[in-house]
Each structure stands twice: as structure tokens, then as C-alpha cells.
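Chains, contacts and geometry: an overview
Below, each chain spelled out in residue letters.
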Amino acid sequence: MELFKTISGVREWVKDQRQQGRKIGLVPTMGYLHEGHLTLMRWAKKSCEAVIISIFVNPTQFGPQEDYERYPRDLERDLRLAREVGVDAVFAPEVEEMYPPGYATYVEVEGLTEVLCGASRPGHFRGVATVVTKLFNIVQPDEAFFGLKDYQQAVVIKRMVKDLNIPVEIVTVPTVREEDGLALSSRNKYLTPEERRQALSLYRALKLGEELIRRGERRADKVREAMSREILSQPLARIDYVSVNDAETLKPVDEISGKVLLAVAVWIGSTRLIDNLVVEV
């Protein structure tokens, strides 16, 4: 497995893979790898002859009061895990390599980014769209792999790729969970044992919403209310949003029909967690 710190190094590697006729898969990550990331890499390995991952905590997707500085980082551990999965190359640049002095260009996807996490984290998806566009331009992969735990991110990136005519296939992979249902996240590291126990309320709320819809409830406000009650039964929980949205446009719905996204963002103590389920009527 090769480790690259520079864009020029990655481009040389990509050129070599192309000359050998290899299909290239990219898994963008912010590091502190967990089983969710490793699952994306395994999917990439099955589909592509050459797999490269990026490890880059992207400053432009963090707000001024967010956890950029304390976001967990452990490059040596990440490299060991990536090597065990069989990743061929890792791109782990410094911030100055991606955003040199005078950097002034950003990518914005309108319409999909003003709701859900975009409403409570203004500028977040501008940062995501910008760094992913840069990675696509640097690596020029055939396929790129994203987890559906970050459902809104996947929808935004698919739209960006379509609108900007970027020749990459976006492959989405189902959310990976612990046995008790907690969605895997690098931020789970922040949780105390009691906070982790209370964090299970997110998945319970989503499953409750799904059950109500399966039983015939079509009023989105009733589903939101039931989900919110489940979450707020936990004393450490503070809701950012509980939402029922169209699974394609991400617009909030009043009446549930077709395919809907049940999505939650909740503070458990000082840690913000997100989760979602897609339900089809």
C-alpha cells in the first residue's frame, strides 16, 4: 500500500493504474476509520482493481463553533486498517496541499442543502461539495463510494456529479450499525458509556416512525411527534431536527407517500449524532 501526501504523487499513481487498464475506486474519508469505512473499502475492492482512499479532515465543512480541532485523528491506526482491507493507496494531504494560500473557489449545490443538516450547519455542504470535487479532479476515479448514514451528503454529491458532468459513478452503501442499532460514526468516540446508551434512542425513534407508517399513519407531523417523544425520553438528548422528507428532493412532506426519508440529528451531551431510515409506502 502506497501513502501519498501530494496531489502530484496521486496523479502519477493514477496515471500508472490507467496505463495498466485498471478500474479505479475512491473512498473519501476524514479518517479515524471504523467498520463503516472499511465496508466501503470492501465494496470498492469487489468492484475495482485499484482502490485509493483519502484521509483528510476537511476544514471547510466545519463551522466556527464545531469540532474541527478535536475531531479524532490517528493516521497510523488508519493506515494499518486500510492495509488489512487491501487498499492500494492512501492520499493523506496536509491542509495547505488542498487549500494553498489564496484559495478562493467553492462548489455550491442549491436546493438540496438548505434543509436538514444544511439548515443547522450553514456552509457545511459547500465544504463537502468543494473537497469532493477536488478529490474527483485529483483521482479521476471510475467509481466513488459513500455511506448512506450521511444520506443528504450522498444525494448532494449525486446531484453535483450530474450537474457538473463529472464522469464518476457514485455507489451508495447501506448504513453499518452496531448490534444494538447504533449507527457507526467517528464521533461515537466522544460518548461516555451512559451517553452511548442514550444515543440508542435515535435508532429506536427511526424504527418507531417506520412502524407507524407501516401501520398506516400518513400524517408526517404525527410521525415526527412520536419520534421526538422517543428521543426526548432520554435526559441527555437535545433535538437538532426530527424530519420526514421526500427521499429524492429532500423537501419536508406533510402527507407521507412514495419513498420518504426519516432523518434525525440529536445532541447527546456535547456530541451531535445523525441517523436516518428510508421508508417506502
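An account of the accompanying structure is given in this report. (Residues numbered from 1 in each chain as written. Predicted model: local features only at pLDDT ≥ 70, side-chain atom pairs only at ≥ 80, totals over all residues. Heavy atoms only, no water.)

Concerning the overall build of the protein chain
This is how it is decided: A run of DSSP states H or I qualifies as a helix once it reaches four residues; a run of E qualifies as a strand once it reaches two. Both are numbered from the N-terminal end. Here the radius of gyration uses the C-alpha set of atoms, whereas the globule reference equals 2.2 Å times the residue count to the power 0.38. Buried residues are those whose accessible area, probed at 1.4 Å on protein chains only, stays under 20% of the maximum for their type, while exposed residues exceed 50% and partly exposed ones sit between those limits. We call two residues contacting when some pair of their heavy atoms lies within 4.5 Å. Reported accessibility uses the Shrake-Rupley method at a 1.4 Å probe radius. Residues are deemed covered only where the shown protein chains occlude them. Neither His nor the chain ends is counted toward charge; the positive residues are Lys and Arg and the negative residues Asp and Glu. Think of each charge as sitting on NZ of Lys, CZ of Arg, CG of Asp or CD of Glu.
Secondary structure summary: the protein chain contains nine helices and nine strands in total. What you see for the protein chain is a C-alpha radius of gyration of 19 Å, in line with the 19 Å of a compact globule of 281 residues. Principal-axis analysis of the C-alpha atoms places the extent of the protein chain at approximately 55 × 40 × 40 Å. A burial count over the protein chain gives 54% of its 281 residues as buried. Excluding contacts between residues fewer than 6 apart, the proportion of contacts in the protein chain whose partners are at least 24 apart in sequence is 72%. Carbon and sulfur atoms make up 48% of the accessible area of the protein chain, which amounts to about 13,400 Å² in all. Within the protein chain, one finds 39 positive and 42 negative side-chain charges whose respective centroids are separated by 2 Å.

Notes on the packing of aromatic side chains
Heads up, the condition is: Aromatic pairs are defined between Phe, Tyr and Trp rings, using the six-membered ring for Trp, whenever the two ring centres lie within 6.5 Å; interplanar angles under 30 degrees are classed as stacked, those over 60 as edge-to-face, and all others as tilted. We count a charge as sitting over a ring when the NZ of a lysine or the CZ of an arginine lies within 6 Å of the ring centre and within 35 degrees of the ring normal.
Overall, the coordinates contain five aromatic pairs when judged by the stated rule. With a centroid separation of 5.0 Å and an interplanar angle of 85°, the aromatic rings of Tyr 99 and Tyr 103 are classed as edge-to-face. In this structure Tyr 99 comes out as buried when scored by relative accessible area, which is 11%. Taking the relative accessible area as the measure of exposure, Tyr 103 reaches 25% and is therefore partly exposed. Aromatic ring contacts, followed pair by pair, group Phe 56, Tyr 99, Tyr 103 and Tyr 106 into a single cluster. The lysine or arginine in question, Arg 77, covers the ring of Tyr 32, its NZ or CZ lying 4.6 Å from the ring centre. The ring of Tyr 99 has Lys 134 lying over it, and the distance from NZ or CZ to the ring centre is 5.8 Å.

What about the sheet that holds strand β6 (residues 169-173)?
Under the convention used in this document: Strands are treated as partners if at least two bridges between them are detected by DSSP. Here an axis means a line fitted to C-alpha atoms, over the contact stretch when the element is a helix, while the angle between two N-to-C directions is reported on a 0 to 180 degree scale.
As summarised here, the arrangement of the six strands in space is β1-β4-β3-β2-β5-β6, forming an open sheet in which the pairing is parallel. Each end of this open sheet is capped by a strand with a single partner; those strands are β1 (2-4) and β6. The sheet shows a mean angle of 25° between the axes of neighbouring strands, direction not considered. Strand direction decides the pairing type here: strand β2 (residues 24-29) and strand β5 (residues 143-147), joined by two bridges, are parallel. Counted as the bridge partner of Gly 25 is Glu 143 from β5. Contacting β1, β2, β3 (50-55) and β4 (89-91), helix α1 (residues 7-19) runs over the sheet at an angle of about 165° to β3.

What to know about the sheet that holds strand β9 (residues 271-280)
Strands sit in the order β7-β8-β9 across an open sheet of three strands; the sheet is antiparallel. Each end of this open sheet is capped by a strand with a single partner; those strands are β7 (237-246) and β9. Sheet twist, expressed as the average angle between the axes of neighbouring strands with direction ignored, equals 15°. Pairing between β7 and strand β8 (residues 259-268): nine bridges, direction antiparallel. The residue bridging Tyr 241 from the neighbouring strand is Ala 265, located in β8. Running over the sheet, helix α9 (residues 220-232) touches β7 and β8 and is turned about 155° from β7.

Section: unusual backbone geometry
For Tyr 32, which is not a glycine, the phi torsion comes out positive at approximately 45°. Relative to the elements of secondary structure, Tyr 32 occurs in the loop between β2 and α2 (35-47). At Leu 250, a residue that is not glycine, the phi angle is positive and equals roughly 70°. Relative to the helices and strands, Leu 250 is located in the loop between β7 and β8. A residue is classified by how much of its surface remains accessible, and Leu 250, at 0% relative accessible area, is buried.

Thoughts on the nonpolar core
To keep it simple, the criterion reads: To qualify as a nonpolar core, a set must consist of buried Ala, Val, Leu, Ile, Met, Phe, Trp, Tyr and Cys residues joined through side-chain atoms within 4.5 Å.
By size, the foremost hydrophobic cluster in this structure holds 47 residues, and its most contacted members are Ile 52, Phe 91, Phe 136, Ile 157 and Met 160. Of all the elements in the fold, those that place two or more residues in this core are α1, β2, β3, β4, α6 (124-139), β5, α7 (151-163) and β8. Element by element, the count of residues in this core is highest for α6, at nine residues. The contact partners of Ile 52, leaving out residues within four places of it in the chain, are Val 10, Trp 13, Ile 24, Gly 25, Leu 26, Val 27, Ala 89, Val 90, Phe 91 and Val 139. Of all hydrophobic cores here, the second largest spans 27 residues; its members include Ala 199, Leu 202, Leu 206 and Leu 277.

Some details on the environment of Thr 249
Within the fold, Thr 249 resides in the loop between β7 and β8. Assessed through its relative accessible area of 35%, Thr 249 is described here as partly exposed. Separated by 46 residues in sequence, Thr 249 and Tyr 203 have C-alpha atoms that sit 23 Å apart. With residues up to four places along the chain from it excluded, the contact list for Thr 249 reads Gly 111 and Leu 112.

Treat this as a map of the structure, not an account of what it does.
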